[in-house]
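# Structural features, examined
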Amino acid sequence: TATSSGAARRPTSALPDRPEERVKVFVRIRPTKAEGETGGAVRAKADSKGLVIFREHANIPASEFEFDKVLGPSASQSDVYHAAVKPIVEDVLNGYNGTLMAYGQTGAGKTYSLSSIAADAIGMIPRAAAEVFSHIEQDGGHEYSVYMSYVQLYMELIQDLLRPESENLQIRENEGGVFVGGVHQQEVQNITQCLHLLSLGDRNRTIAFTALNAHSSRSHAVVMLTVIKRRSVSGTGDAEIQRVKVGKLFLVDLAGSERLKKSKSTGLRANEAKSINLSLTTLGMCINARADPNAAHVPFRDSKLTRLLQVCKVAALVRDSLGGNAKTSLLVAACDAAEHVDETLQSLQFGLRAMCVRTQAVVNERVDYKTLHAEMIAALENQDRKSSL
Ligand code: ADP
Ligand code: MG
């Protein structure tokens, strides 16, 4: 039976009162596979927030954890979407940045949750894109443009999955923030175009790894959707002044978080392991630092992943004072197999710490002065013409 020996690990006092002002953490437990796994080590509690983890084999009492929501093995993709993603998409449509990161060991269900396009199990990325376009169709009061990018980070190189020949993109920074220099941003008009690009990117991701005899779970992948929403506030035609909101949605499929055995692997595999361990360890350190109000140093420059996640404005990596960060949700993918209980525990602890990170998202809104500018030039030209007469 479960005891509450893990209760002390629960973040309580460190949490802001309003859950919308911190990173939200969702745990999804994938169903046990038929072969090679003994299920039952992780169980969602009936309140759908609590979770119990059993480690009887190691003679350790069961521990309980609490998250924003625990989605058990019978949860559908739609259940996950409504709990963890729909609220973020709604914010993005209103000019906020929003990020969903999937964390967990290889095989725990990150890519299935995010990218599946099976008709009976459509994942978070296609669902989010579909919601963006259905919202656009229904909103007659605004003009929209949507752009999509898709990159992966593997062995410290950022590759553009929509332009795979661009395989060493650089992280750059200007007064507007951190961005991926030269990344292809493809305008998409509808969900069909969006799905086409997703499958193109997925295919390029697989091709790159097959050539290296490696597995795509060794890379971090990020889909970025930029939604630009315009509304006229005064004037007509060329003199139109528009209020513009820019919302960005980032969907991040992190590399597998399992500790890769260093001793046996050599060459490429050893370098992969080093790169993934460095990136996820640095991410964990940044989250720890940001979760602690007294910590001064957040080592986001120590890995390329944490720099890339700054582009995604992940709350732990971008200070709210620098123009706001993203409404950030973490989806911890876990399996309930006794064989993986130590990895699962590590993932859950990562999730618990992330829950202590504050977010302070702001709307990205501006008045578009370009059109105002055009009006001014027209007026000046008019004056010139008058004076030359
Ligand atoms: P990861 O990306 O975390 O390495 P995957 O998403 O590739 O893991 O999942 C591993 C396997 O488990 C895949 O075959 C996937 O289809 C299956 N799977 C994962 N989650 C679920 C789920 N919730 N329901 C059914 N099958 C799942
Ligand atoms: Mg995967």
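Residues numbered from 1 in each chain as written. Chains lettered and ligands numbered in written order. Predicted model: local features only at pLDDT ≥ 70, side-chain atom pairs only at ≥ 80, totals over all residues.

Scanning the chain from N- to C-terminus turns up eight helices and 15 strands. Looking at the chain residue by residue over its 389 residues, the buried ones come to 42%. In the chain, the proportion of contacts linking residues at least 24 apart, taken out of those at least 6 apart, comes to 71%. (Helix = DSSP H or I, 4+ residues; strand = E, 2+ residues; numbered from the N terminus. Buried ≥ 20, exposed ≤ 12 C-beta atoms within 10 Å, placed from the backbone. Contact = placed C-beta atoms within 7 Å.)

Looking now at the site of ligand 1. Of all residues adjacent to ligand 1, which total 13 residues, the nearest are R30, G109, K110, T111 and Y112. The element contributing the most residues to the shell around ligand 1 is helix α2 (residues 110–115), with three residues. Looking at the shell around ligand 1 residue by residue, the class counts come to four nonpolar, seven polar and two charged. (Near = placed C-beta within 6 Å. Nonpolar A, V, L, I, M, F, W, Y, C, P; charged D, E, K, R; others polar.)

A separate point is the packing of helix α5 (residues 267–291) against helix α7 (residues 341–354). Two numbers describe how α5 lies on α7: the axes approach to 9 Å, and their chain directions differ by 35°. Our pair here, α5 against α7, has a crossing hand that is left-handed. For the pair α5 and α7, contact is made by G284, I287, N288 and A291 and by F350, R353 and A354, respectively. Among the residues forming the contact of α5 with α7, the class breakdown is four nonpolar, two polar and one charged. (Axes fitted to C-alpha atoms, helices over the stretch in contact; angles between N-to-C directions. Left-handed = near helix turned anticlockwise from the far one by under 90°.)

All right, on to helix α3 (residues 124–138) then. With 15 residues, α3 ought to run about 21 Å at 1.5 Å a step, and its terminal C-alpha atoms sit 21 Å apart, in line with that. Three or more residues of α3 are buried, namely M124, I125, P126, R127, A128, A129 and V132. (Expected span 1.5 Å × (residues − 1).)

Bringing the confidence of the model for the chain into the picture now. Overall, the prediction assigns the chain a mean pLDDT of 87, with 86% of residues at 70 or greater. For the chain, per-element mean pLDDT is lowest for helix α8 (residues 369–388), which scores 62, and highest for α3, which scores 98. Overall, residues 1–13 carries pLDDT values under 50, and its contacts beyond four positions in sequence, including any with other chains, amount to 18 contacts. (pLDDT = per-residue confidence, 0-100.)

In this model, E156 sits at a positive phi of 70°, which is unusual for a non-glycine residue. Of note, K313 is a non-glycine position whose phi angle comes to about 55°, a positive value.

Moving on, we come to the packing of helix α1 (residues 77–93) against α3. Where α1 contacts α3, the two axes come as close as 10 Å, and the packing angle between them is 40°. Viewed along their axes, α1 and α3 adopt a mutual orientation that is oblique. Two packed elements cross with a definite hand, and for α1 against α3 that hand is right-handed. Residue-level inspection shows V80, Y81, V85, K86, V89 and L93 of α1 in contact with α3, the latter providing M124, R127, A128, E131, V132 and H135. Split into classes, the residues belonging to the contact of α1 with α3 amount to eight nonpolar, one polar and three charged. (Parallel < 35°, antiparallel > 145°, perpendicular 65-115°, else oblique.)

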